[in-house]
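Structural features, examined
What follows is the residue order along each chain.
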Amino acid sequence: MGILPHTVQTFALDDPSGGTYGQDNFTYMYDWMVEVAASQPERGNVFYGETAYWVNFDINVPLFLPLYGDRRIHDLRMMRGAEEENVAVSFDGQMNFCSGWEWGYWLQDVMTSRVAWGVISPAEGSHEDAVRDALKPIIATLVPKSSMVANTLATSVEDW
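Residues numbered from 1 in each chain as written. Predicted model: local features only at pLDDT ≥ 70, side-chain atom pairs only at ≥ 80, totals over all residues. Heavy atoms only, no water.

The next thing to look at is the nonpolar core. Ranked by size, the top nonpolar core spans 31 residues in total, and within it Leu13, Ile73, Phe91, Met111 and Leu135 carry the most contacts. If we ignore the near neighbours within four places in the chain, the residues touching Ile73 are Met111, Val115, Val119, His127, Ala130, Val131 and Ala134. (Core = buried A, V, L, I, M, F, W, Y, C linked by side-chain atoms within 4.5 Å. Buried < 20%, exposed > 50% of the residue type's maximum accessible area, 1.4 Å probe, protein only. Contact = heavy atoms within 4.5 Å.)

See below:
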């Protein structure tokens, strides 16, 4: 039987969670994922991150929160780093949980999907580089000055 570790709301695996579900953070989940990947490689180990939590934050008015995409990139970079540090660790991929309005949510869903195919690891570049890399092809289809828009979004998420 496989595992589907699931983060909630915008919190990354190592972000302070403000007591959500009685936890200070979700690092225990990350540690468990790595332990299972290393000690039980025959078990499926698929990350089940979240890119929208409509029933909570924006139930009345949809919000544009690209922070979700940013935090999923952060999580996948952590996972990639664990794989690079220990050859016995290998994850089987990710599934995405998204609920609610698709006005604006599509961006974080696509960001998360793009990095599933290849995220810039901590050894390969900065978090901002990884976010920018995920955004550039998406923004390129929407606006002529895509690099500028990707840079603006990547740096503005960092300030949240």
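That shown, we press on.
Most of strand β1 (residues 46–50) sits out of view: 4 of its 5 residues are buried. Relative to strand β2 (residues 93–97), β1 is paired through 5 bridges, and the arrangement is parallel. Across the sheet, the residue bridging to Val46 is Gly93, located in β2. (Helix = DSSP H or I, 4+ residues; strand = E, 2+ residues; numbered from the N terminus. Pairing = 2+ DSSP bridges.)

For the rest of this paragraph, the subject is the packing of helix α3 (residues 105–116) against helix α4 (residues 127–140). At a minimum axis separation of 9 Å, α3 and α4 run at an interaxial angle of 115°. Comparing their axes, α4 and α3 come out roughly perpendicular. At the point where α3 passes α4, the crossing takes the right-handed sense. The segment α3 lies against α4, with Trp106, Leu107, Val110, Met111, Arg114 and Val115 engaging Val131, Asp133, Ala134, Leu135, Pro137 and Ile138. Split into classes, the residues belonging to the contact of α3 with α4 amount to 10 nonpolar, no polar and 2 charged. (Axes fitted to C-alpha atoms, helices over the stretch in contact; angles between N-to-C directions. Parallel < 35°, antiparallel > 145°, perpendicular 65-115°, else oblique. Left-handed = near helix turned anticlockwise from the far one by under 90°. Nonpolar A, V, L, I, M, F, W, Y, C, P; charged D, E, K, R; others polar.)

This part covers the packing of aromatic side chains. Counting across every chain of the model gives 3 aromatic pairs. An angle of 45° between the planes, with centres 6.4 Å apart, marks the rings of Phe11 and Phe26 as tilted. Placement of Phe11 in the segment before α1 (27–39) and of Phe26 in the segment before α1 is noted, with a sequence separation of 15 residues between them. Residues Phe11 and Phe26 agree in their burial class; the two are buried. Through successive ring pairs, a cluster of aromatic residues spans Phe11, Phe26 and Tyr28. (Phe/Tyr/Trp six-rings, centres within 6.5 Å; stacked < 30°, edge-to-face > 60°.)

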